[in-house]
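Coordinate inspection notes
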4 protein chains.
Amino acid sequence: MKGRVKDLSLAEQGRLKLEWAMKHMPVLMRLREEGRDKRPLAGLRIGAVLHVTKETGVLMMALKDSGAEEVVLAASNPLSTQDDVAAALVEYGIRVYAWRGQSSEEYYWCIRQVAESRPDIVLDDGGDLHAMLHSEYKKLAGEITGGTEETTTGVIRLKSLEREGLLLYPVVAVNNAYTKFLFDNRYGTGQSTFDGIMRATNILVAGKNVVVAGYGWVGKGIALRARGLGARRVIVTEVDPIRALEAVFDGFEVMPMSEAAGIGDIFVTATGNKAVIRREHFEKMKDGAILANAGHFNVEVWIPDLESLSVRKRVIRENVTEYTLRDGRKLYLLAEGRLVNLVAAEGHPSEVMDMSFANQYLAVKYLHENKGRLEKKVYNPPRELDEMVARLKLETMGIKIDELTPEQAEYLKSWSYGT
Amino acid sequence: MKGRVKDLSLAEQGRLKLEWAMKHMPVLMRLREEGRDKRPLAGLRIGAVLHVTKETGVLMMALKDSGAEEVVLAASNPLSTQDDVAAALVEYGIRVYAWRGQSSEEYYWCIRQVAESRPDIVLDDGGDLHAMLHSEYKKLAGEITGGTEETTTGVIRLKSLEREGLLLYPVVAVNNAYTKFLFDNRYGTGQSTFDGIMRATNILVAGKNVVVAGYGWVGKGIALRARGLGARRVIVTEVDPIRALEAVFDGFEVMPMSEAAGIGDIFVTATGNKAVIRREHFEKMKDGAILANAGHFNVEVWIPDLESLSVRKRVIRENVTEYTLRDGRKLYLLAEGRLVNLVAAEGHPSEVMDMSFANQYLAVKYLHENKGRLEKKVYNPPRELDEMVARLKLETMGIKIDELTPEQAEYLKSWSYGT
Amino acid sequence: MKGRVKDLSLAEQGRLKLEWAMKHMPVLMRLREEGRDKRPLAGLRIGAVLHVTKETGVLMMALKDSGAEEVVLAASNPLSTQDDVAAALVEYGIRVYAWRGQSSEEYYWCIRQVAESRPDIVLDDGGDLHAMLHSEYKKLAGEITGGTEETTTGVIRLKSLEREGLLLYPVVAVNNAYTKFLFDNRYGTGQSTFDGIMRATNILVAGKNVVVAGYGWVGKGIALRARGLGARRVIVTEVDPIRALEAVFDGFEVMPMSEAAGIGDIFVTATGNKAVIRREHFEKMKDGAILANAGHFNVEVWIPDLESLSVRKRVIRENVTEYTLRDGRKLYLLAEGRLVNLVAAEGHPSEVMDMSFANQYLAVKYLHENKGRLEKKVYNPPRELDEMVARLKLETMGIKIDELTPEQAEYLKSWSYGT
Amino acid sequence: MKGRVKDLSLAEQGRLKLEWAMKHMPVLMRLREEGRDKRPLAGLRIGAVLHVTKETGVLMMALKDSGAEEVVLAASNPLSTQDDVAAALVEYGIRVYAWRGQSSEEYYWCIRQVAESRPDIVLDDGGDLHAMLHSEYKKLAGEITGGTEETTTGVIRLKSLEREGLLLYPVVAVNNAYTKFLFDNRYGTGQSTFDGIMRATNILVAGKNVVVAGYGWVGKGIALRARGLGARRVIVTEVDPIRALEAVFDGFEVMPMSEAAGIGDIFVTATGNKAVIRREHFEKMKDGAILANAGHFNVEVWIPDLESLSVRKRVIRENVTEYTLRDGRKLYLLAEGRLVNLVAAEGHPSEVMDMSFANQYLAVKYLHENKGRLEKKVYNPPRELDEMVARLKLETMGIKIDELTPEQAEYLKSWSYGT
């Protein structure tokens, strides 16, 4: 059984996409090569719920080529699947359950297939697979060697399970690898969010007022790129005073959303919270304001409020829904409030996913190698894996760095004086 | 006769695009409104060779609504036509000769239709219409009230005709309107070039070495956005020492292309010259280098050299042609070396074209109002039109500026002392 | 007679300053070397009114070493003279009339000495020497071969004389050399203005709201550096709609000063006009606001209004005057409203003046070589001199640029088709 | 006994400086006001070794005004004392042992006075006081309630003591307060380092190649400002692969110092290690290269190598030492390799120290309030103090932030599902 995808005849097109991704994922490609040689995952069953993109495809292939007995993949978002890649992966021998435009029911059905495939190791993006395993499949979950989690959102969910003593297997929070969260969240989402906005709208960023909700890693990247694309005012909203202060000193304006609502031309949410933009904010917005979300769930722009305020709703461009409010103002919601970089563009560039997925790959290997030695906790990725990813990336970019001289190493140690 | 387009049934989709463009072209919309009222172009025959995009569509509609008897439009680039917009324009009563993917023969046939429509006023982008009128249709050309030209390239061609005393009608070099060339060339092309590159390749700009050939207005915009998107090194190549020096002090590296060739990950040409990247450069490039052009003609990246160096050529992604060289290195040419922002993305954002086309509209009106009073020369747009566009743009953005107090105006005048 | 300076015993310290400047003025040093060889200015009498800084010193030495019979120098600003440099120049054989802290009377007396020295060629910065020659010394002025002018302000004054037919000798507007106005106004004033502000106040720019009045070349440089130093909001005020629009698309906020007054933490004027910040603005300012001027005259921040609003005034730090308003708010005026970069710091860095003064040097040579052949008009510097400066600068920085291939030169010419 | 300073008659000038600092340290001023009211430090003896600047002065006054019985202060750097501030503090009742230009012997004598003053709580910057207490004054050290440490360097030294079980009192690593290390290290040192370089040299940063050794918080700030001031190439050297990679993706070049040595015009070290620039690097440098240090100790630019390579050495400007090498090249060392921002400029702007010292103040209070309850360990500042500083700073800047709605708070909690 090879899973369920939209159309197997798209495989050839998918193969070209995978080839392109491989060209831009040199770190993962090097790990895959080694894996082919040494088969470190021989016999493993792997279940993954990830965005089914060309980059995920390369990871799946690397896992399989490293000896995994079975790799089962479902989509972590109903709208983000690249159907041609899904087809090509099936052809490559991956069991894929994913197609673009799933209903909510279909979405969970697919994740269920992964859960029921009896994986030894599970990879997740957002935590829906972990959640399902910890509610509906507790017994299966108990037999799992370990899991990984790709997102901040998912890690928060897992930490909460851990705190309550309910976590059923050790999890490596891949998101906490510095080479993951920094590059993926800041540079990846920063660029791809605007890529999504530009593809969806073709508007000029220069001269616009951009409001960024949240100044975590993702928000930082978005604010940086807004500035880099020439935005007139870049306004940050935050609830955390330290982050707010950092935004101020990074050269951005900070104010409450209630004030920013009337100023922004483009709004991007990246908080991890819900209803960050809601009725009271829609009411103040300028005609023509554009709303996009870069957070994991489609709850940051609160659509129920938008719907209830509107007298008309239509799709005016692909991924642009026009809401006409009672007073005639029009607001434009991108990608139905879902992750704009994944829905309206192609998600993170391959170079970014190269590092995230090299971390995923190494985490899988680490969990397997340490089977039985880890507690049922959420682990940060070991520092040496993180450094390995960084070193490989620099190497593949042709960049050399300095090394400590023996005298310098000595000097650093010599600070343990006082004896 | 309504011209020739690909498929009239695309008109509805085209209408939505036009609606979206109107939302982002407030200056032109205000001129159109006025035009509807006062019909300043009543009875005029207008011929235009422009990129057939949604923004051009709005200009065509504004001209028609201002009283023009007939508006005939052909494409200024064989690959840049939006077929749905073309269809919607036909429906609106514009005579359109344009479809995406014309052969060279078809391309000139369409321009010929415009020439033969006996226009009073002609609008051109690149100078192919003007060139044809001055070679094959000299007699018709002699009856033309005046023309406009949108690009630097076209203006150079026309100035050369003027110098030789061969210009057959007055031309307003719309490109020389400050509100055109600054915004269109710098901000418009700056953003849309990277939009095109990102859509075509989905690569991450951060961390890459970007080489920009040419530091004119377009090159400046591209270098600025490369920096803004996080490029590691932004290298400019130039032949003009003053521009080169400006690039240096703007914080960019400057070196000859022969040196930059071995460093760049992404190359963008914007010089207006040919063979800016050629055999000697291809030979030094890194495997995987990406080649894009933002100049008017597809001659800047010299394709004959690339072809002759290659053993294999295939389309690996839409708008990405992979050339495999003898030594195995692969180079990636975007959009077949044509304007990457028009072919791989949607050209300039509407906000930018709003100003360019407001200038076009005002230039047409100006030529008409001054019929018979202008010499057969290339004119810069009158400063007051330029300021009018700027004022309208600021107004529609809700931005107020300062005014001189009477004392200040006096002070500025008082510098005429010495009597 | 060797002029009048503060203290000749400062000469040794001045020589070190000149040596430092020479190290950073490679273009002028190369011209000086050539001058020593060929003595192109042999026998000339040169009169100059310039800021008496180390860089001006290097220019004076280059002129003298190129054969000038006498070089007479006065200060173009009563507060900007470096007394040690003045002393060193006297020692070198320049006649200098300048000391820091001149009264208005002394200031004009010094300029008068230059006028009365019967110069063949005059150099001016701001136009006070030209003005004096055209009012009090018309007869002497009639015998002058030609003059140069360094600033925008001065050029405006001279153009006004030209328009009225009152100009008594040809003037090269050195300010209009691209290698002068771009680098000097944008990069030079941009950095040195903040250098002056930081030395005067030691405040942190990051997190501050900076208001820049005027978006000419100087204002552009200041706004750019404000952003580069991390300012939270950079607000531009303008009276020209086109410049205002450019500021907007460059990523700055634009609003009237009446609105900006209540927002700014730091205000910098660069308009060339008077009373740009006046009573109505002081009244709205925040406690602690800092006021600096980067325009030629100390009239942009309108001090009479500030004085009349204040109940107390004291110098709280060198170059910082604290005005306490009736309501207790305190405003801080830097450098008594004079050019903050010259008074509170050291004026333009030598590298910038290298280009400005290489243009000055070449303009003097040009006026001399073309004696009798020029009309009594304000001339732009010939393009070839400008390019020569740029080429020399690039060379001395070790930067190579591209050259047109014969085919490319041909291609550019081939655009003259149609015959 | 009132300590030992240079000249008590400088007190008035020092008072003005303190007044100016107070104007820019609103957070500390608010804490001081509260302290005056509630006297939380009543009866305490406080010993401090800090840079004796106006900002430190405000902290000392706040401690005293909060009830401290005695406050004793010595300099943490022999060259950084502001003698007028020292005098004003003596007048205010602080015991100060500090003057600019101490010999090494004098420097340690002064710190000894602090140690021997039998302090209850000690504040240190760099760890020299802690080191002395842990070697020469172990008995006194045993009676200390607790200490604070301002720098990364000092914290490393203390952690090493802690690891070996030798720490004699609890220490709050103030440096680890986010509102300290982020703002102080990144924004403060970033700006003030260039302030120091500009004051010392008056060179133009635009167009220069700047090499930054180390990409920790300090290096990040310096690289950012180098870019913001228009540097042509900003090159980072690092030994840590993750930091190196971050620099690359932040848009900087990364290479080993051995390669960067031949490219840089300006070098700034910020690594915390020794001999980061040494013989092999000096040998490759360009004539005229400028060397500055922003790290705590003057060991990063390795002066013994520079001395041994040179045939001549002289001070060419204040804080600029010219070394002439055998082959005639000249290298310029700023501030004798000491902290360039403190020696050549005025150290951090007051706004930055406002946050650092608010953290110091709160740490002192915290240590006092928790006397006897803390272990002999190095503590991070409690998160709530950090947030308090951030909130106060935002408030005093007039900036409001968002607050979670009850629904949002609920939503964040709701992620603990699965039960």
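Please read these numbers as outputs of a predicted model, since none were measured by experiment. (Residues numbered from 1 in each chain as written. Chains lettered and ligands numbered in written order. Predicted model: local features only at pLDDT ≥ 70, side-chain atom pairs only at ≥ 80, totals over all residues. Heavy atoms only, no water.)

Along chain A, the regular secondary structure elements total 18 helices and 16 strands. Radius of gyration (C-alpha) of chain A: 22 Å, near the 22 Å computed for a compact globule of 419 residues. Summarising its shape, the C-alpha atoms of chain A cover approximately 65 × 65 × 45 Å along the three principal directions. Buried residues in chain A amount to 70% of all 419 residues. Long-range contacts, defined as pairs at least 24 residues apart, comprise 72% of the intrachain contacts of chain A with a sequence gap of at least 6. Summing over all exposed atoms, chain A offers an accessible surface of approximately 13700 Å²; the carbon and sulfur share of this is 48%. With 56 positive and 58 negative side-chain charges, chain A shows a separation of 2 Å between the mean positions of the two kinds. (Helix = DSSP H or I, 4+ residues; strand = E, 2+ residues; numbered from the N terminus. Rg over C-alpha atoms; globule rule 2.2 N^0.38 Å. Buried < 20%, exposed > 50% of the residue type's maximum accessible area, 1.4 Å probe, protein only. Contact = heavy atoms within 4.5 Å. Areas by Shrake-Rupley, 256 points an atom, 1.4 Å probe, with all protein chains shown as cover. Lys, Arg positive; Asp, Glu negative; His and termini not counted. Charge placed at Lys NZ, Arg CZ, Asp CG, Glu CD.)

Okay, the side chain of K180(C) next. Residue and element names in this part refer to chain C. With respect to the helices and strands, K180 occurs in helix α9 (residues 178-201). On the accessibility criterion, K180 (2% relative accessible area) is buried. The residues contacting K180, other than those within four sequence positions of it, are E150, V174, N175, N185, S356 and N359.

Residues and elements named next belong to chain D. The topology assignment puts A141 in helix α7 (residues 138-142). On the accessibility criterion, A141 (0% relative accessible area) is buried. Here the alpha-carbon distance between A141 and D120, two residues 21 residues apart in the chain, equals 9.3 Å. With residues up to four places along the chain from it excluded, the contact list for A141 reads L133, L168 and Y169.

Right, let's get into the confidence of the model for chain A. Per-residue pLDDT for chain A has a mean of 94; in total, 99% of the residues score no lower than 70. What the predictor reports for the complex is a pTM of 0.92 with an ipTM of 0.90. (pLDDT = per-residue confidence, 0-100.)

Residue and element names in this part refer to chain A. Strands sit in the order β10-β9-β8-β11-β12-β15-β14-β13 across an open sheet of 8 strands; the sheet is mixed. A strand with exactly one partner marks an edge of an open sheet, and here the two such strands are β10 (253-254) and β13 (310-317). When strand β8 (residues 209-213) meets strand β9 (residues 233-237), the two strands line up parallel, connected through 5 bridges. Within β9, the position partnered with N209 by the bridge is R233. (Pairing = 2+ DSSP bridges.)

Facing the 13 residues of chain C at the interface are 13 residues of chain A. Among the residues chain C hides against chain A, the three largest losses belong to R232(C), F249(C) and E253(C). Together they make up 41% of the total. Taken together, the connections running from chain C to chain A amount to 2 salt bridges. (Buried area = accessible area lost by both parts, 1.4 Å probe. Salt bridge = Lys/Arg side-chain N within 4 Å of Asp/Glu carboxyl O.)

So, on to the packing of helix α1 (residues 11-23) of chain D against helix α3 (residues 54-65) of chain D. Residues and elements named next belong to chain D. Two elements in contact, α1 and α3, have axes whose closest approach is 9 Å; the angle formed by their N-to-C orientations is 80 degrees. The angle between the axes of α1 and α3 places the two elements in the roughly perpendicular class. Residue-level contacts link K17, L18, W20, A21 and M22 of α1 to K54, G57, V58 and M61 of α3. (Axes fitted to C-alpha atoms, helices over the stretch in contact; angles between N-to-C directions. Parallel < 35°, antiparallel > 145°, perpendicular 65-115°, else oblique.)

With 66 residues of chain B at the contact, the number on the chain C side is 66 residues. Taken over both partners, the interface formed by chain B and chain C buries close to 5900 Å², and the fraction arising from carbon and sulfur atoms is 66%. Taken together, chain B and chain C are joined by 6 salt bridges. Between R186(B) and D250(C) there is a salt bridge; the shortest N-O distance is 3.2 Å. The tally of links from chain B across to chain C stands at 18 residue pairs in polar contact (both at pLDDT 80 or more). Only α6 (128-135), α8 (152-163), α9 (178-201), α11 (241-249), α17 (383-396) and α18 (406-414) of chain B provide two or more residues apiece to the side of chain B that touches chain C. Partitioning the side of chain B that touches chain C into residue classes produces 34 nonpolar, 13 polar and 19 charged. (Polar contact = N/O pair within 3.5 Å; in protein donor to acceptor, adjacent residues only side chain to side chain. Nonpolar A, V, L, I, M, F, W, Y, C, P; charged D, E, K, R; others polar.)

A side chain of one charge can pair with a side chain of the opposite charge if their charged atoms are brought near each other. Residue and element names in this part refer to chain B. What the rule picks out here adds up to 148 salt bridges over all chains. Taking the shortest distance from any N to any O, the salt bridge between K180 and D184 comes out at 3.6 Å. Taken together, the residues span about one helical turn, with K180 and D184 both in helix α9 at a distance of 4 residues. Here K180 matches D184 in class, with each residue buried.

In this description, a pair of aromatic rings is defined by centroid distance and the angle of the planes. Evaluation of the coordinates by the stated rule reveals 40 aromatic pairs over all chains. Taken together, a centroid distance of 5.7 Å and an interplanar angle of 75 degrees make the contact between Y97(C) and W109(C) edge-to-face. With Y97(C) in strand β4 (residues 95-97) and W109(C) in helix α5 (residues 104-115), the pair connects residues that are 12 residues apart, well separated along the chain. For Y97(C), a relative accessible area of 1% puts it in the buried group. Given a relative accessible area of 33%, W109(C) falls into the partly exposed group. Grouping aromatic residues by their ring pairs yields a cluster made of Y178(A), F181(A) and W217(A). Taking the ring centre of W109(A) as reference, the NZ or CZ of R4(A) above it sits at 5.5 Å. The positively charged end of K220(B) is found above the aromatic ring belonging to W217(B), 5.5 Å away from the centroid. (Phe/Tyr/Trp six-rings, centres within 6.5 Å; stacked < 30°, edge-to-face > 60°. Lys NZ or Arg CZ within 6 Å of the ring centre and 35° of its normal.)

Of the transformation placing chain B onto chain C, the axial shift is 0.0 Å and the rotation is 180 degrees, giving an RMSD of 0.0 Å. Such a turn and shift between the copies fits a two-fold axis. Mapped onto chain C, 100% of the interface residues of chain B are again interface residues, and the two copies thus contact each other with one and the same surface. (Least-squares fit on C-alpha atoms with pLDDT ≥ 70 in both.)

A few words now on unusual backbone geometry. Residues and elements named next belong to chain C. In this structure, N319 takes a positive phi of about 70 degrees despite not being glycine. With respect to the helices, strands and loops of the structure, N319 is situated in the loop between β13 (310-317) and β14 (320-325). N319 sits in the partly exposed class, given a relative accessible area of 22%. Even without glycine at this site, E336 takes up a positive phi of about 50 degrees. Along the polypeptide, E336 turns up in the loop between β15 (330-334) and α15 (340-343).

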